[in-house]
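Breakdown of the fold
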Amino acid sequence: MAASRPGLCRALNSPGPAWKHTPSGAERRLKAEYDAVVIGAGHNGLVAAAYLQRLGVNTVVFERRHVIGGAAVTEEIIPGFKFSRASYLLSLLRPQIYKDLELKKHGLRLHLRNPYSFTPMLEEGTLNKVPRSLLLGTDITENQKQISQFSQKDAQAFPRYEEFMNRLVLAIDPLLDAAPVDMEVFQHGSLLQRLRALSTLRPLLKAGCTLGTQLPQYYQVLTAPISKVLNHWFESEPLKATLATDAVIGAMTSPHTPGSGYVLLHHVMGGLEGMQGAWGYVQGGMGALSDAIASSATAHGASIFTEKSVAKVQVNSEGRVQGVVLQDGLEVRSRVVLSCASPQDTFLKLTPQEWLPQAFVEGISQLDTQSPVTKINVAVDRLPNFQATPNGPKDQLRPHHQCSIHLNCEDILILHQAFEDAMGGLPSHRPMIELCIPSSLDPTLAPPGCHVVSLFTQYTPYTLAGGRVWDEQERNAYADKVFDCIEAYAPGFKSSVLGRDILTPPDLERIFRLPGGNIFHAAMSLDQLYFARPVPQHSSYRCPVQGLYLCGSGAHPEAAHQLCPSGHSFESRGETSSFFIKNCSSDVTEELRWPTEHTGLPQEREGSLDKAGWYWPMEG
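Residues numbered from 1 in each chain as written. Predicted model: local features only at pLDDT ≥ 70, side-chain atom pairs only at ≥ 80, totals over all residues. Heavy atoms only, no water.

Some details on the side chain of T389
Inspection of the secondary structure puts T389 in the loop between β17 (374-380) and β18 (404-407). Setting aside its immediate chain neighbours within four residues, T389 contacts F118, S133, R398 and H400. (Helix = DSSP H or I, 4+ residues; strand = E, 2+ residues; numbered from the N terminus. Contact = heavy atoms within 4.5 Å.)

Details of the packing of helix α1 (residues 43-54) against helix α12 (residues 286-299)
Remark: α1 packs on α12, axes separated minimally by 8 Å, with the N-to-C direction vectors making an angle of 20 degrees. The angle between α1 and α12 places the two elements in the roughly parallel class. Between α1 and α12 lies a crossing whose hand is left-handed. Across from H43, L46, V47, A50, Q53 and R54 in α1, the residues of α12 making contact are S290, I293, A294, S296 and A297. Split into classes, the residues belonging to the contact of α1 with α12 amount to six nonpolar, four polar and one charged. (Axes fitted to C-alpha atoms, helices over the stretch in contact; angles between N-to-C directions. Parallel < 35°, antiparallel > 145°, perpendicular 65-115°, else oblique. Left-handed = near helix turned anticlockwise from the far one by under 90°. Nonpolar A, V, L, I, M, F, W, Y, C, P; charged D, E, K, R; others polar.)

A short note on the sheet that holds strand β2 (residues 36-39)
Strand order in the open sheet made by the five strands is β12-β3-β2-β16-β22, with parallel pairing throughout. The open sheet is flanked by β12 (303-305) and β22 (548-550), the only strands paired with a single partner. On average, each strand axis in the sheet is inclined to that of its neighbour by 20 degrees, with strand direction left out of account. The pairing of strand β16 (residues 336-339) with β22 spans three bridges and is classified as parallel. Residue V337 lies in a different strand from β22, and its bridge partner there is L548. (Pairing = 2+ DSSP bridges.)

A few points about the confidence of the model for the protein
For the protein, per-residue confidence averages 82 on the pLDDT scale, and 75% of positions sit at 70 or higher. Between residues 594-620, whose pLDDT stays under 50, and residues either more than four places distant or in other chains, the model counts 62 contacts. (pLDDT = per-residue confidence, 0-100.)

Overview of the nonpolar core
Among the nonpolar cores identified, the biggest contains 62 residues, and Y161, L230, F234 and F512 are the most heavily contacted of them. Membership of the second largest hydrophobic core comes to 38 residues, among which are A48, V282, A292 and Y549. (Core = buried A, V, L, I, M, F, W, Y, C linked by side-chain atoms within 4.5 Å. Buried < 20%, exposed > 50% of the residue type's maximum accessible area, 1.4 Å probe, protein only.)

Topic: the sheet that holds strand β14 (residues 321-326)
Spatially, the three strands line up as an open sheet ordered β13-β14-β15, and their pairing is antiparallel. Edge positions in the sheet fall to β13 (310-315) and β15 (331-333), since each of these pairs with one other strand and no more. Averaged over all adjacent pairs, the angle separating strand axes in this sheet is 25 degrees, with direction ignored. Here β14 runs beside β15; their pairing, made up of three bridges, is antiparallel. When the bridges of β15 are listed, G323 appears paired with R333.

Considerations on the packing of aromatic side chains
Tallied over the entire structure, the rule returns 12 aromatic pairs. Ring geometry for Y161 against F234: centres 5.1 Å apart, planes inclined by 65 degrees, an arrangement best described as edge-to-face. Of this pair, Y161 sits in helix α4 (residues 152-172) while F234 sits in the loop between α9 (226-233) and α10 (237-248); the two residues are 73 residues apart in sequence, bridging distant segments of the chain. When sorted by exposure, Y161 lands in the same class as F234, which is buried. Ring pairing ties together the aromatic residues F158, Y161, F164, W233 and F234, which thus form one cluster. Between R113 and the ring centre of Y281, over which it is positioned, the NZ or CZ distance is 5.3 Å. Here the guanidinium or amino end of R500 rests over the ring plane of F483, the centre of that ring lying 5.0 Å away. (Phe/Tyr/Trp six-rings, centres within 6.5 Å; stacked < 30°, edge-to-face > 60°. Lys NZ or Arg CZ within 6 Å of the ring centre and 35° of its normal.)

Observations regarding the packing of helix α3 (residues 140-147) against α4
Packed helix pairs are characterised by how far apart their axes lie and by the angle those axes make with each other. Orientation of α3 relative to α4, taken along the N-to-C sense of each, is 140 degrees, at an axis distance of 8 Å. Comparing the axis directions of α3 and α4 gives the class oblique. Crossing hand, α3 versus α4: right-handed. Residue-level contacts link I140, N143, Q144 and I147 of α3 to D154, A155, Q156, F158, P159 and E162 of α4.

A short note on the environment of L464
Examined against the element boundaries, L464 turns out to sit in the loop between β20 (451-458) and α16 (472-489). The exposure class assigned to L464 is buried, which follows from its relative accessible area of 5%. A sequence separation of 40 residues divides L464 from G424, and the C-alpha atoms of the two residues are 8.5 Å apart. Setting aside anything within four residues of it in sequence, one finds L464 in contact with G425, P427, V469, W470 and E474.

This is the structure in structure tokens:
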């Protein structure tokens with residue numbers, strides 16, 4: 001998958017992540033028993049571990065790969081070039097988590113982007129005129145000036161559109177910090193349990209009050225095709241297509257697909273360092289984010305082990321978790337297990353099937369995991385030089401180089417046709433490309449004068465038509481097509497390439513365990529969100545096996561994430577953005593303080609309280 005010119009550069013020296021140098025980090029010996037086991041050191045799993053350990057729950061994290069972070073990793077695939085190999089942008093980092101885990105103290109440094117979006121045009125046949133481009137940032141007046149190149153009407157409408165969307169964000173954003181409504185309790189719990197569960201409805205009611213009389217219009221944003229929503233506001237195709245990219249990125253959907261509006265909302269929520277909707281680069285790549293979270297966790301005593309793959313979740317004769325079995329056969333006991341792995345891996349591969357209801361297993365196996373994404377990481381010896389906005393003297397950086405650069409995005413029809421190609425089992429003939437150059441703001445990622453380029457491209461089907469497979473020939477053919485497209489906008493790009501790393505949907509699944517290559521673990525369609533994530537009746541992080549929890553992107557609020565988003569989760573997009581899942585660790589600590597049945601509240605049991613105040617059932 002990775003190809004590079006021989007004899008490039010020496011690898012950049014690095015002291016290694018801080019968490020490896022703490023006594024409680026990699027140097028701590030593996031014990032036979034912990035209070036909690038976390039499967040997978042993705043960013044969501046690390047956050048859960050950090051919160052649990054800070055509350056006195058002795059926690060261990062087992063990671064299958066040689067590096068922590070899941071999709072939020074930094075890898076030097078080509079000597080001298082540090083890539084955010086999967087997710088590549090950060091947002092949706094909840095301010096409370098940033099503060100609680102003291103991530104700045106543990107080394108997290110961010111580069112915010114302004115401007116943040118650049119869409120160059122090809123506009124052939126314009127004689128000697130420079131093609132137009134659309135540059136968007138935080139200055140509303142400058143945005144209007146840019147949009148007016150294409151439509152004066154749209155320039156006037158844009159501030160009203162932003163105000164409309166910001167109100168929806170204000171209503172929906174609090175839901176990300178709240179556990180979803182527990183439908184299992186409402187259907188099968190006691191009267192007291194149902195009454196107490198009514199509190200989970202409060203965020204929904206508050207959201208409705210925030211939207212007020214405009215609720216029907218906002219409902220349409222969440223359920224209608226994004227093309228219909230944008231057609232209501234605007235007339236110019238470059239603006240509509242640019243905005244529509246946020247509605248389809250990472251999703252096997254067309255701008256004409258109903259419900260695509262929610263994905264747009266997902267990518268305009270959140271923010272960084274007090275700036276709403278901001279997306280930024282992490283100093284040192286996305287792996288530095290994971291390292292900061294891990295450092296926070298190990299500083300309080302958590303243990304993290306890489307190259308330790310979990311083979312099985314251990315369940316006792318009463319249907320309760322009692323630990324895990326590692327791939328090497330070692331058994332590690334624990335009272336709870338949190339899985340940052342996908343719902344599919346967690347419940348169909350790691351959990352003994354005899355303890356799971358058939359309907360639950362069928363629901364998990366039927367999750368929609370289609371992904372259109374092929375990620376290409378590129379090392380170049382100079383900045384791309386776009387015809388629409390030529391570089392300055394001596395290849396000087398320009399403001400647009402720090403942006404998400406949207407190519408083949410002049411018209412919504414182009415995006416839809418790219419989607420149609422994939423539906424026929426073919427990689428898009430003219431793929432949608434989001435090009436980012438994180439080294440434009442973070443020079444530590446590449447040797448002097450060189451840059452790392454992230455290409456988040458779609459649409460590429462997981463299974464190719466005609467029985468073809470994603471072998472090296474198919475990967476390179478698709479990457480060559482992407483590079484040809486970039487060359488049309490930025491002549492000379494292909495000759496600047498020193499090496500590339502191509503990750504198709506099967507590659508993303510194999511390397512990062514993303515089902516179908518999906519950066520969200522499951523599609524963010526309306527039938528797989530909130531109290532239906534991962535499946536209806538089991539959205540409260542608990543599962544049918546007592547003591548087993550889901551804390552990855554397959555649970556609410558879907559980090560995306562992703563590559564993510566976002567994330568997610570990344571949490572969150574190719575942007576690992578992250579709605580970090582603190583909700584799951586909160587549920588776990590409640591159960592440890594006083595065990596619960598699946599449908600609710602503390603039950604009377606024999607047991608004892610330890611000195612930290614945790615309740616442990618009597619053994620035997």
